[in-house]
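This is what each chain is made of:
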Amino acid sequence: MWGRKKEKKDQRHLYIVDGGDPEPLQRQKHRRHSSLKKSSHTLMNGPNFCMARAARLLYLSTLCYLEPNARGLIEQKYDQLCHGQVEFVWGKRGLDLKEVKEFYSKDGEQTIRCLCFLLKKKKLQVSDYSEFAICDQKENEQDGVSTGSNDDPNGVDQGISECKTHHILIAFRGTDTPKNVFEDIKLWTAAHPPERGSLLRRTRPTVHAGFLRSWRNDHLKENVINFVIQHVKEMDEWPTVEMTGHSLGGSVATLASYDIAAALSDLSHSSAQSNLESVSSKPTFDFPFPKSNLSLYTFGCPRVGNTPFAESINELVPDTWNVIQNNDIIPAVPAKRLTSPFHPFKRAGRIAIIRDDGKLVINPSRGARRRRNLMVLKLDTSLLAHHTKHYRNSLLHVFEREGLLEVKEGDTPQRNAKSLASLRLEAESLKLLGKTITEARSDPKRSFRLLPGAT
């Protein structure tokens, strides 16, 4: 009893805004309309849920549903969202957009789309801005706070948290037609490669066969991993890799995160070995790839594999979060034990539930998850709630309800002021994306194709 009370007392930090201090429960208690709920069954012993990261990755997940129209019309709006807005937002944080790649995997009528972004740190003038050059880059610190004036000729906005590493962003498109919704809930499973563990002892990782086929079909896996490894080899430090996907795209992103983490780990070992064998060769990396540099945020993602597979993801990618809209039915499938007792489905990572009224639940209890799954089965709008529009609106309502879009004097520590400025920038991007999609739906001559998942 005493141990359980102590465990609850240790659960003080539930989320961070963007690279700043975690938001403590004490701050939530004095708010009259506090909406954050705390799970009482588990200890938050991994990376915190990052609000700004969830916003920017939801932007990319939605962006995957927008394609240039095949009719050859003007692509200015699409380019503005895919290149202009991404370059603007990340440029404010000290990164340059260097490359954007698209990869596809076609499986019958189903097409998986992947967008890969390469962003590199801007080169600062050391003579004029020596305070940036002497900042220590800690192994477990990805985003920090910079100092200086707002008039930076290098384009870095000093009112916003500055990124301290190169970034690689990978987003997968999810279900693009209503027919593919039923593809998501097929129950066939397959052994996750490389095959390992014992089937009789229930230690063999298995995954949804359709999701695995989507990831490995048409060389999608090879193309994405080659994109990451090729650019990482050209860098002098480990980058931050952020992965995301909505619906089926989240399932593919989960499978991809395992393979990319394994590939980066192999690169660490091969780099260390080459440095030992050749004294004249230039050392690539001084330390193994830190797990904290790889993040996976999914939205409306179905369950992907069984318990051994979930444990593998949790080990390789500890910063894994499943963002679920409270009325969305797709995360409730496949059912945990509708296959066989040897292959029950288990969700990897941790859960953040967002609601229409702006309430946020971090790591809900098992009973709360069960009640939500039963509730969505009775809703007529559970499929509509799966669209990214509802995720965007619910996340923005969370920001407003938690008071994260307005910095008030005395309410926020000085260290977090720049993180909140970053969050406002991400929120504006989501609003711009929603406005553009709304205009596109009413324009018969729109400049890009709008898939159902984006509405």
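Data block above holds the structure.
Described in the following lines is the structure provided in the data block. For clarity, every value in this text was computed on a predicted model and none was experimentally measured.

Some details on the overall build of the protein chain
Part 1 of the argument: Counting its regular elements, the protein chain contains 13 helices and 20 strands.
Part 2 of the argument: In the protein chain, 78% of the contacts between residues at least 6 apart in sequence involve partners at least 24 apart.

Points about the nonpolar core
Part 1 of the argument: With 56 residues, the main nonpolar core has Phe 49, Met 51, Leu 60, Leu 63, Leu 66, Phe 117 and Phe 399 as its most contacted residues.
Part 2 of the argument: With 9 residues, helix α3 (residues 51-63) is the largest single contributor of residues to this core.
Part 3 of the argument: With residues near it in sequence (within four places) discarded, Leu 66 still touches Tyr 78, Leu 81, Arg 113, Leu 433, Ile 437, Phe 448, Arg 449, Leu 450 and Ala 454.
Part 4 of the argument: Counting 44 residues, the second-largest nonpolar core is a separate cluster that includes Leu 255, Ala 256, Val 304 and Ile 313.

With respect to the packing of aromatic side chains
Part 1 of the argument: Using the criterion set out here, one finds 5 aromatic pairs in the structure.
Part 2 of the argument: Relative to Tyr 391, the ring of Phe 299 has its centre 6.4 Å away and its plane inclined at 85°; by these criteria the two rings are edge-to-face. Of this pair, Phe 299 sits in strand β14 (residues 294-299) while Tyr 391 sits in helix α12 (residues 388-401), placing them 92 residues apart in sequence. As far as the burial class goes, Phe 299 and Tyr 391 line up, both buried.
Part 3 of the argument: What links up through ring pairs into an aromatic cluster is the set Phe 49, Tyr 297 and Trp 321.

Quick word on the packing of α3 against helix α13 (residues 417-441)
Part 1 of the argument: The N-to-C vectors of α3 and α13 enclose an angle of 25°; their axes lie 9 Å apart at closest approach. It follows from the interaxial angle that α3 and α13 lie roughly parallel. In this structure, α3 meets α13 at a crossing whose hand is left-handed. The residues of α13 that touch α3, namely those facing Met 51, Ala 52, Ala 55, Arg 56, Leu 58, Tyr 59 and Thr 62, are Leu 423, Glu 426, Ser 429, Leu 430, Leu 433 and Ile 437.

Focus on α3
Part 1 of the argument: Taking 1.5 Å of rise per residue, 13 residues should cover 18 Å, and α3 covers 19 Å from first to last C-alpha, within 8% of that figure.
Part 2 of the argument: Within α3, 13 of the 13 residues are buried, leaving the element largely enclosed by the surrounding structure.

Some words on the pairing of strand β7 (residues 110-121)
Part 1 of the argument: Of all the 12 residues making up β7, 10 are buried; the element is thus mostly covered by neighbouring parts of the structure.
Part 2 of the argument: Bridging between β7 and strand β10 (residues 167-172) involves 6 bridges; their strand directions are antiparallel. Looking at the pairing, Cys 116 lines up with Ile 170 of β10.

Quick notes on the state of the cysteines
Part 1 of the argument: Under the criterion given, the structure shown has 0 disulfides.
Part 2 of the argument: Lacking any disulfide linkage, Cys 114 is separated from the closest cysteine sulfur, that of Cys 116, by 3.6 Å.

Overview of the side chain of Ser 429
Part 1 of the argument: Here Ser 429 lies in helix α13.
Part 2 of the argument: Among the polar contacts listed, one links the side chain of Ser 429 to the side chain of Gln 85, at a separation of 3.0 Å.

A word on the pattern of salt bridges
Part 1 of the argument: Considering all chains together, one arrives at 9 salt bridges under this definition.
Part 2 of the argument: Lys 121 serves as the salt-bridge partner of Glu 237, at 2.9 Å between the closest nitrogen and oxygen. A residue pair is termed long-range when its members are at least 10 positions apart, and Glu 237 in the loop between α8 (220-233) and β13 (240-246) and Lys 121 in strand β7 qualify at 116 residues.
Part 3 of the argument: When its relative accessible area of 30% is taken as the criterion, Lys 121 is described as partly exposed.
Part 4 of the argument: Ionic pairing is found between Lys 291 and Glu 315, a salt bridge with its closest N-O pair at 2.8 Å. Remark: Glu 315 occurs in helix α10 (residues 307-316) and Lys 291 occurs in the loop between α9 (248-277) and β14; sequence separation between them is 24 residues.
Part 5 of the argument: A relative accessible area of 36% means that Lys 291 is categorised as partly exposed.
Part 6 of the argument: Since its relative accessible area comes to 49%, Glu 315 is described here as partly exposed.
Part 7 of the argument: One network of salt bridges, in which partners are shared, links Arg 53, Arg 56, Glu 242, Asp 319 and Glu 426.

What counts and how
Residues numbered from 1 in each chain as written. Predicted model: local features only at pLDDT ≥ 70, side-chain atom pairs only at ≥ 80, totals over all residues. Heavy atoms only, no water. Helix = DSSP H or I, 4+ residues; strand = E, 2+ residues; numbered from the N terminus. Contact = heavy atoms within 4.5 Å. Core = buried A, V, L, I, M, F, W, Y, C linked by side-chain atoms within 4.5 Å. Buried < 20%, exposed > 50% of the residue type's maximum accessible area, 1.4 Å probe, protein only. Phe/Tyr/Trp six-rings, centres within 6.5 Å; stacked < 30°, edge-to-face > 60°. Axes fitted to C-alpha atoms, helices over the stretch in contact; angles between N-to-C directions. Parallel < 35°, antiparallel > 145°, perpendicular 65-115°, else oblique. Left-handed = near helix turned anticlockwise from the far one by under 90°. Expected span 1.5 Å × (residues − 1). Pairing = 2+ DSSP bridges. Disulfide = S-S within 2.5 Å. Polar contact = N/O pair within 3.5 Å; in protein donor to acceptor, adjacent residues only side chain to side chain. Salt bridge = Lys/Arg side-chain N within 4 Å of Asp/Glu carboxyl O.

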